[in-house]
Amino acid sequence: MEDNQEKYNEVEFWIACSGGLDSVFLVHLFFSLNKKIGILHCNFKLRHAESDGDELFVRELADTLNIPIQVRSFDVNTYKKSSKTNTQLAARELRYAWFDEIKVAGKSRIVLGHHRDDQRETFFLQLVRGASVNGLAAMPYERNGYIRPLLGYTKEELRTICLKSNWKWREDSSNHKDDYARNDLRLNLLPKLVESGLKLRLVDELIECYQHLLNYIEKNKLTSEKDDFHITLDKWRNLPTLYKNALLEDVGFGKNNIDLVEQIVYSNKGAFATRNAIELWNEGGYLRFIKSSEDGLIPKLSVIPVQHHEIDFSSGDLFVDADKIVGTIYCRYWKEGDEFSPLGLKGNKKISDFLKDKKVPSSEKKHHIVVTDNQGVIGVIGFLPSNRVKISSATKHFYRLFVDYLYKK
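All of these numbers come straight from a predicted model, not from anything done at the bench.

Calculation criteria
- Position labels on residues start from 1 in each chain and follow its written sequence.
- Reporting of local features is limited, given that this is a predicted model, to residues whose pLDDT is at least 70; pairs of side-chain atoms are given and counted only at 80 or more, and all residues count toward the totals for whole chains, interfaces and linings.
- The basis for every side-chain value is the complete set of heavy atoms in the structure, and neither hydrogens nor water enter the calculation.
- The classification of residues rests on relative accessible area computed with a 1.4 Å probe and restricted to protein chains. Under 20% of the type maximum is buried, over 50% is exposed, and intermediate values are partly exposed.
- Strands are runs of DSSP state E lasting at least 2 residues, helices are runs of H or I lasting at least 4, and numbering of each runs from the N terminus.
- Note on definitions: angles span 0 to 180 degrees between N-to-C directions of axes, and those axes are lines fitted to C-alpha atoms, for helices only across the stretch in contact.
- Oblique is the label for any angle not covered by the other classes, which are roughly parallel (under 35 degrees), roughly antiparallel (over 145) and roughly perpendicular (65 to 115).
- By convention the crossing between two helices is left-handed if the near helix lies anticlockwise of the far one by an angle smaller than a right angle, and right-handed if it lies clockwise.
- Note on definitions: a residue-residue contact is assigned when non-hydrogen atoms from the two residues lie within 4.5 Å.
- Under the scheme applied, nonpolar residues are Ala, Val, Leu, Ile, Met, Phe, Trp, Tyr, Cys and Pro; charged residues are Asp, Glu, Lys and Arg; polar residues are all the others, including Gly.
- Only strands joined by at least two bridges in the DSSP assignment are considered to pair.
- Ring geometry is summarised as follows: Phe, Tyr and Trp rings, the Trp one being its six-membered ring, pair when their centres sit within 6.5 Å, and such pairs are stacked at plane angles under 30 degrees, edge-to-face over 60 and tilted between the two.

A. Local environment of helix 12 (residues 241–251). Within helix 12, eight of the eleven residues are buried, leaving the element largely enclosed by the surrounding structure. For helix 12, the complete set of buried residues consists of Tyr243, Lys244, Asn245, Ala246, Leu247, Leu248, Asp250 and Val251. Taken from the residues just after helix 12, glycine 252 is the one with a positive phi, measuring 95°.

B. Summary view of the packing of helix 10 (residues 200–220) against helix 12. Two elements in contact, helix 10 and helix 12, have axes whose closest approach is 11 Å; the angle formed by their N-to-C orientations is 65°. Between helix 10 and helix 12, the angle is such that the two are roughly perpendicular. As for how helix 10 packs across helix 12, the hand of that crossing is right-handed. Touching Leu213, Tyr216, Ile217 and Asn220 of helix 10 are Leu242, Tyr243 and Ala246, all from helix 12. The residue inventory of the contact of helix 10 with helix 12, partitioned by class, reads six nonpolar, one polar and no charged.

C. Up close: the sheet that holds strand 2 (residues 37–43). The mixed open sheet is built from six strands, whose spatial order is 3-2-1-4-6-5. Each end of this open sheet is capped by a strand with a single partner; those strands are strand 3 (69–73) and strand 5 (142–143). Bridging between strand 2 and strand 3 involves five bridges; their strand directions are parallel. Bridge pairing in strand 3 links leucine 40 to glutamine 70. Relative to strand 1 (residues 13–16), helix 2 (residues 21–32) is tilted by about 155°, and along the sheet it contacts strand 1, strand 2 and strand 4 (109–111). On the sheet, helix 5 (residues 87–105) packs against strand 1, strand 2, strand 3, strand 4 and strand 6 (146–147) and is oriented at approximately 150° with respect to strand 2.

D. Quick peek at the packing of aromatic side chains. All chains considered together, the criterion is met by 15 aromatic pairs. Ring centres of phenylalanine 313 and phenylalanine 319 lie 6.1 Å apart, and the angle between their planes is 75°; this geometry places the pair in the edge-to-face category. The exposure class assigned to phenylalanine 313 is exposed, which follows from its relative accessible area of 54%.

E. Summary view of the pairing of strand 10 (residues 286–291). Bridge count for strand 7 (residues 228–232) against strand 10 is five bridges, and the pairing is antiparallel. Note on strand 10: the bridge partner recorded for threonine 232 is tyrosine 286. Of the pairings in the sheet, the one linking strand 9 (residues 278–282) to strand 10 comprises five bridges and is antiparallel in character. Its bridge partner being in strand 10, asparagine 282 is matched across the sheet by leucine 287. Linking strand 9 to strand 10, which pair antiparallel, is a turn of three residues; within it glycine 284 sits at a positive phi near 100°.

Here is the structure:
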C-alpha cells in the first residue's frame with residue numbers, strides 16, 4: 001500500500017476513465033505527452049457483468065501503459081434511496097465526492113472527458129430547466145481542480161483519431177437507451193433540431209458568449225459574506241438583473257427570487273423573508289441578508305450576588321436591587337406585548353418600541369432577551385433594568401444578571 005501511495009503522490013493528472021471512447025482517448029493523449037498520469041475508475045455496478053467488464057478493461061489499460069490506477073465501487077441504489085434522488089444524480093454525487101477526496105489528498109488535478117457534443121447537450125438541458133447565465137454557460141474548461149481539455153472536439157473527431165491510432169474502447173449499452181433526459185436529447189431531440197435547420201456551430205458560439213458573460217459577472221460582481229451581507233436599497237435597485245441573480249445565488253438566498261426581494265425593498269422597514277435558511281430584512285436604508293438562526297441556542301440566566309463596588313453599568317449586564325425581585329426570576333426571548341418601565345424614564349414602554357429607540361436593526365430585535373419575575377419584565381439584557389428594581393441609596397443586596405447560551409442537544 002505504501003508503494004502505491006508513493007506512486008499516487010507522483011501523479012499530476014488523474015484521468016477519470018470509464019473505459020469509453022472519450023476517456024480512453026484522454027488516457028492515450030496524456031500518456032503520449034509524457035504527463036505524470038493515473039487513472040480513476042468508478043464501478044457503479046448498474047450494468048452488472050458489463051460494469052465489471054469495463055473495470056477489467058480499464059485495469060488492463062493501466063497495466064499496459066504501466067500507470068497507477070485507483071478503482072472504487074459504489075452502491076448507487078442504496079445511496080439513491082437515502083438521498084431521495086435519481087440514478088444519474090446519485091452516481092454523479094458519489095463520483096465527484098470521491099474525486100474531491102483525491103484532490104484533497106494530493107496536488108493533482110482531475111481530467112474529465114467531456115467533449116463538444118456533451119457541451120451542447122448540457123446547454124439544451126439547462127435551457128429546458130430555465131437556467132440562468134451560470135447554467136447556460138455549460139461546462140467550464142477548468143474550475144476548482146477539474147479540467148476538460150476535449151470541449152473543443154466533437155465525439156466523431158475523437159472517434160476518427162482513436163480508429164487511426166488503433167486505440168480500443170468499450171461501448172456503454174445504456175447510451176443507446178432514451179430513458180434518461182440527456183440520452184433522449186442526444187438520440188431524439190437534437191437530431192430533429194438539426195434536420196429542421198439548427199446550426200450547431202451557432203450553439204457553440206452562444207455557449208461561448210454565455211461563458212464570457214459569466215466570467216465578466218464573476219469579475220465584477222459584488223463581493224459578499226454569506227452569513228451577513230448588506231446592500232443599500234438604491235444600489236440594489238440599480239443593479240442589472242443578471243447581477244441581482246448572481247448576488248442572490250452568492251449569498252445563498254437563491255437565484256430567481258428577485259420578485260420576492262423587490263417586495264421587501266418596497267415594503268416598510270422591518271419587512272423580511274426567508275429562503276434557503278437565509279433571512280432577508282429591510283432595515284430602512286439597506287437590505288440585510290443573514291444566516292437564519294436555527295433556534296438551537298437556549299439562553300441561561302446567571303444571577304450573581306455582588307458588592308456595591310462590583311457594579312459596572314457599562315458592562316451590558318443588569319444590576320438590580322435583589323430585595324425588589326418578586327417571586328421566581330428567569331429569562332426568555334421577548335415577545336409582542338412585553339413592556340416595562342426603563343430606568344430613568346417615566347411610564348411603561350413596549351419592548352418593541354424600546355429596541356427601536358435604541359436603533360436595534362429589525363433583523364436583530366428577535367434575538368434580545370428579557371429578564372422577568374412574577375410581576376413582569378425587570379430588564380432587557382444589554383440595556384437597562386426596570387425602575388421597579390433599580391438600585392438606590394437604600395439598597396442592601398445587589399444582583400448581577402447576565403445571560404450565557406447553551407446549545408440544544
